[in-house]
Amino acid sequence: MYTNIQAVNITKTQIGQALRYLPSVRNDIEVTAEYIGEGTFFNIETGFVVKDHKMIINLNWFNQTPEAEIKYTIWKETRHFYQKQQVEAFQQGMPVMENLHTLEQWEKEYETYIPKTPITENRHYSQEIQLDAHTFAATLMAIHCAKPDGSIDVVLPPVTAESFICTVPPLIATTVFLPAV
């Protein structure tokens, strides 16, 4: 069972690994965690919620999810944050790292985002933003978790609230997109 601080620190560590491949991601994002019923989460199905520059971790989900899925999801959500930043930079006429077709597709999909539900699951996963994020996470799993025998080692790094020294700036990942208030 991970505490609030441990889940946040594990998430920051995993985001830090992903950021080695996404150097353009801003570092002014706050990562927090809470249990179902504390305000953000109503069930265990959503692992993360993003609002503005803050990622909120569902501790119930985090503590009941296999380590491999936690790591994969954090990396996938970090890619979503990168996508969102690239789209915002594109809209503002700033320099971007992606091609025009990709940015236009991401922009369209973020404007008409299809959340995952039992009815929309196939359409949700066929969105380019989902395909790209899952490909990114799978690639990081292969890079960082592959063992010589071809199996995957996905143990999360051990951390305690007392011993963690944060060397990674707070960042954000994305599952649910809420409008700014």
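Refer to the preceding data block for the structure.
Here is what the cut-offs are and how they apply
Residues numbered from 1 in each chain as written. Predicted model: local features only at pLDDT ≥ 70, side-chain atom pairs only at ≥ 80, totals over all residues. Heavy atoms only, no water. Helix = DSSP H or I, 4+ residues; strand = E, 2+ residues; numbered from the N terminus. Contact = heavy atoms within 4.5 Å. Buried < 20%, exposed > 50% of the residue type's maximum accessible area, 1.4 Å probe, protein only. Pairing = 2+ DSSP bridges. Axes fitted to C-alpha atoms, helices over the stretch in contact; angles between N-to-C directions. Polar contact = N/O pair within 3.5 Å; in protein donor to acceptor, adjacent residues only side chain to side chain. Core = buried A, V, L, I, M, F, W, Y, C linked by side-chain atoms within 4.5 Å. Parallel < 35°, antiparallel > 145°, perpendicular 65-115°, else oblique. Left-handed = near helix turned anticlockwise from the far one by under 90°. Nonpolar A, V, L, I, M, F, W, Y, C, P; charged D, E, K, R; others polar. Salt bridge = Lys/Arg side-chain N within 4 Å of Asp/Glu carboxyl O. Phe/Tyr/Trp six-rings, centres within 6.5 Å; stacked < 30°, edge-to-face > 60°.

> For this particular structure, what's the right way to read the overall build of the protein chain?
Helix and strand counts for the protein chain come out as six helices and three strands. Order of helices (α) and strands (β) in the protein chain, N terminus to C terminus: α-β-β-β-α-α-α-α-α. Here the analysis covers contacts within the protein chain between residues at least 6 apart in sequence; of these, 65% occur between residues at least 24 apart.

> What am I meant to see in the pairing of strand β3 (residues 54–58) here?
Consecutive residues of a regular strand have side chains that alternate between opposite faces of the sheet. Burial within β3 is extensive, with four of its five residues counted as buried. Pairing analysis gives five bridges linking strand β1 (residues 30–34) to β3, with the strands arranged parallel. What sits directly across from Val 31, in β3, is Met 55. One ladder, built from four bridges, connects strand β2 (residues 48–51) with β3; its direction is antiparallel. Residue pairing for β3: Val 50 is matched across the bridge by Met 55. Hairpin connection of β2 to β3: two residues between the antiparallel strands, including Asp 52 at a positive phi of 55°.

> How should I be thinking about the environment of Pro 115 in this particular structure?
Here Pro 115 lies in the loop between α4 (100–111) and α5 (121–125). Sequence-wise, Pro 115 and Tyr 125 are 10 residues apart; in three dimensions their C-alpha atoms are separated by 9.2 Å. Not counting residues within four places of it along the chain, the set of residues in contact with Pro 115 comprises Thr 120 and His 124.

> Would you mind showing me how to read the sheet that holds β2 here?
The strands that make up a sheet are held in pairs by hydrogen bonds between backbone atoms, and each pair lies either parallel or antiparallel. The mixed open sheet is built from three strands, whose spatial order is β1-β3-β2. Where the open sheet ends on each side, the last strands, each with one partner, are β1 and β2. Across the sheet, the mean angle from the axis of one strand to that of its neighbour is 20°, orientation sign disregarded. Packed onto the sheet, helix α1 (residues 4–19) meets β1, β2 and β3 and runs at close to 140° relative to β1.

> Would you explain the environment of Thr 117 in this entry?
Here Thr 117 lies in the loop between α4 and α5. Separated by 72 residues in sequence, Thr 117 and Glu 45 have C-alpha atoms that sit 9.8 Å apart. Side chain to side chain, Thr 117 and Thr 120 meet in a polar contact 2.8 Å long.

> Honestly, the side chain of Lys 76 in this entry has me stumped. Any pointers?
Within the fold, Lys 76 resides in helix α3 (residues 67–91). Every residue in contact with Lys 76, bar those within four places of it in the chain, is listed here: Gln 130, Ala 133, His 134 and Ala 137.

> What should I look at first to understand the nonpolar core in this one?
In summary, soluble globular proteins display a tendency toward joint burial of nonpolar side chains. Counting residues in each nonpolar core, the largest one holds 33 residues, and the members touching the most others are Met 55, Ile 57, Phe 62, Trp 75 and Trp 106. Sorting the residues of this core by element identifies α1, β1, β2, β3, α2 (59–64), α3, α4 and α6 (128–145) as the ones contributing at least two each.

> Hey, could you run me through the packing of α1 against α3 in this one?
Two quantities define a packed helix pair, namely the angle between the helix axes and the distance between the axes. Put simply, α1 and α3 touch, their axes get as near as 9 Å, and they point 55° apart. When the axes of α1 and α3 are compared, the pair comes out oblique. The two elements α1 and α3 meet at a crossing, and its hand is right-handed. In this structure, α1 contributes Thr 11, Gln 14, Ile 15, Gln 17, Ala 18 and Leu 19 to the contact, and α3 contributes Lys 71, Ile 74, Trp 75 and Thr 78. Considered class by class, the residues forming the contact of α1 with α3 number five nonpolar, four polar and one charged.

> I would appreciate a short explanation of the pattern of salt bridges in the present structure.
Two side chains with opposite charge may pair up if their charged atoms get near one another. This structure, assessed with the given rule, holds three salt bridges. Connected through shared salt-bridge partners, Arg 79, Glu 98 and Asp 132 make up one network.

> I keep staring at the packing of aromatic side chains and nothing clicks. Help me out?
Describing an aromatic ring pair means giving the distance of the ring centres and the angle of the ring planes. Applying the stated criterion across every chain, the model contains four aromatic pairs. With a centroid separation of 6.4 Å and 65° between ring planes, the pair formed by Trp 61 and Phe 62 is classed as edge-to-face. You'll find Trp 61 and Phe 62 in the same group, each marked buried. Taken together, Tyr 2, Phe 48, Trp 61 and Phe 62 form an aromatic cluster joined through their ring pairs.

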